[in-house]
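Chain residues, written in single-letter form:
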Amino acid sequence: MILLISNIANEAAPAWVSSLPAGAVSLITASDFNRSFKAGISVNNFSSSSLTINGYETTPDELTGVIVTIPAFSPIEFYYINQEDREYVCSEVNAFMNYFLTALKCKKINPPTRRSLGGLWFQKFEWLKIARKLNIPIVPFIMKNGKYEYAVQKDLLQTFSCTIINDEIMENENEHVHGYVKLLAKEFSLPYLSCYFSTADSKNFQLLDINAIPDITIASYRDAMLKYL
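This write-up is about the structure you can find in this document. Just so you know, these numbers come straight off a predicted model, no measurement behind them.

## Let's talk about the overall build of the protein chain
And step 1. Along its length, the protein chain carries six helices and 13 strands.
And step 2. Compactness check: the protein chain gives a C-alpha radius of gyration of 19 Å against a globular reference of 17 Å for 229 residues, within 12% of the reference.
And step 3. Projected onto its principal axes, the C-alpha positions of the protein chain cover 55 × 40 × 35 Å.
And step 4. In the protein chain, buried positions account for 46% of the 229 residues.
And step 5. At a minimum sequence separation of 6, the contacts of the protein chain that also span at least 24 residues come to 57%.
And step 6. For the protein chain, the accessible surface area stands at approximately 12,200 Å², while carbon and sulfur atoms represent 50% of it.

Take a look at the structure:
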């Protein structure tokens, strides 16, 4: 079984699950967490802990993969909890899920970190330093009043994305940036990474942004993620 951690705002999640054989992928959201995820976790014997996920009884060792499409659960999703308790409950569930996903031995897209259930969650300045170290050109910008301002107006730039899944570039066009994307995915040790580039002349390309949250709306992406897991 593969776990899909998402939220009810992502309509592609239940649609994807329903298109697959029953029990192949199980969707977990905060909005139904009290029903979809029940666990008796043994810290000393985690691998054989008892899990009931959407009615299926299993153990951590029987899970074959995890796909996470959110950085964390949000308090508003716990609508069935008294409003004054939602912040606390949400914090506790996020902490538990971070521990749970970290302890799982199966493959994950993407592995959790202390900031996110789904891997990389950097501020722009953080990943910019890493990209510069890798000699990847960056779109020049300044921060003013908490907002990013670019030397060239964004509406004058051609922008596009390039996604890598399990070392496979998903887009054939703009091959000149493929090497940059592979370098970043290797540096961050992520099986999934989307990079956004811009160009003013279709010759020189600069990194604009990065995103490690999987896009499950694209069929080829979904297939590549299932293949990886």
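## Looking at the sheet that holds strand β11 (residues 168–169)
And step 1. In space, the four strands of this open sheet follow the order β11-β10-β12-β13, with antiparallel pairing throughout. Two strands close off the open sheet at either side, each with one partner strand: β11 and β13 (206–211).
And step 2. In the sheet, strand β10 (residues 158–165) pairs with strand β12 (residues 192–199) via eight bridges, with the strands oriented antiparallel. Pairing of Ser161 across the sheet is with Tyr196, part of β12.

## Quick word on the state of the cysteines
And step 1. Here the structure, examined in full by the defined rule, presents zero disulfides.
And step 2. We note that Cys162 lacks a disulfide partner, and the nearest cysteine sulfur, in Cys195, lies 6.9 Å from it.

## Overview of the packing of aromatic side chains
Between two aromatic rings, the relevant description is the distance of the centres plus the angle of the planes.
And step 1. Applying the stated rule across the entire model yields 14 aromatic pairs.
And step 2. For the pair Phe37 and Phe96, a centre-to-centre distance of 6.0 Å together with 70 degrees between the ring planes defines the contact as edge-to-face. Taken as a pair, Phe37 in strand β3 (residues 37–40) and Phe96 in helix α3 (residues 86–103) lie far apart in primary sequence, 59 residues in all.
And step 3. Its relative accessible area of 6% is what places Phe37 among the buried residues.
And step 4. Taking relative accessible area as the criterion, Phe96 reaches 25% and is therefore assigned partly exposed.

## Examining the packing of helix α4 (residues 124–133) against helix α5 (residues 178–188)
And step 1. Following both chains from N to C, one finds α4 and α5 inclined at 115 degrees, their axes separated by 11 Å at the closest point. Handedness of the α4/α5 crossing: right-handed. The residues of α5 that touch α4, namely those facing Trp127, Ile130, Ala131 and Lys133, are Leu184, Glu187 and Phe188.
And step 2. Here the contact of α4 with α5 is composed, by residue class, of five nonpolar, no polar and two charged.

## So, the side chain of Lys108
And step 1. Looking at where Lys108 falls in the secondary structure, it is placed in strand β7 (residues 107–109).
And step 2. The charged side chain of Lys108 is buried without a salt bridge, its nearest counter-charge being Asp61 at 11 Å.
And step 3. A distance of 2.7 Å separates a polar atom in the side chain of Lys108 from the backbone oxygen of Leu101.
And step 4. Polar contacts involving the side chain of Lys108 include one to the main-chain carbonyl oxygen of Leu104, which spans 2.6 Å.
And step 5. In this structure, Lys108 is in contact with Val66, Leu101, Thr102, Pro191, Tyr228 and Leu229, ignoring residues within four places of it in sequence.

Rules of the game
Along each chain, numbering runs from 1 in the same order as the chain's sequence is written. Reporting of local features is limited, given that this is a predicted model, to residues whose pLDDT is at least 70; pairs of side-chain atoms are given and counted only at 80 or more, and all residues count toward the totals for whole chains, interfaces and linings. As a convention, hydrogens and water are excluded, and side-chain values are obtained from all of the structure's heavy atoms. Put simply, DSSP marks the helices as runs of H or I at least four residues long and the strands as runs of E at least two long, and each gets a number from the N terminus on. Radius of gyration: over C-alpha atoms. The globule rule applied is 2.2 Å multiplied by the number of residues raised to the 0.38 power. Partly exposed residues are those whose accessible area sits between 20% and 50% of the maximum for their type, while under 20% is buried and over 50% is exposed, using a 1.4 Å probe and protein chains only. Contacts: residue pairs with any heavy atoms within 4.5 Å of one another. Each accessible area is a Shrake-Rupley result for a 1.4 Å probe, and residues are judged covered by the shown protein chains and nothing else. Think of it this way: DSSP has to see at least two bridges between two strands before they count as a pair. Disulfides are defined in this document as cysteine sulfur pairs within 2.5 Å. Stacked, tilted and edge-to-face pairs are distinguished by plane angle, under 30 degrees for stacked and over 60 for edge-to-face with tilted covering the rest, among Phe, Tyr and Trp rings (Trp via its six-membered ring) whose centres lie within 6.5 Å. Simply put, an axis is a line fit to the C-alpha atoms, just over the touching stretch for a helix, and the angle between two N-to-C directions goes from 0 to 180 degrees. Crossing handedness is read from the near helix: turned anticlockwise from the far helix by less than a right angle, it gives a left-handed crossing, and turned clockwise, a right-handed one. Classes in brief: Ala, Val, Leu, Ile, Met, Phe, Trp, Tyr, Cys and Pro nonpolar; Asp, Glu, Lys and Arg charged; the others, Gly included, polar. The positive count covers Lys and Arg only, the negative count covers Asp and Glu only, and His and the chain ends enter neither. Put simply, a salt bridge is a Lys or Arg side-chain nitrogen that is within 4 Å of an Asp or Glu carboxyl oxygen. Polar contact criterion, stated in full: a pair of N or O atoms within 3.5 Å, where within protein one must be able to donate a hydrogen and the other to accept it, and residues adjacent in sequence count only if both atoms are side-chain atoms.

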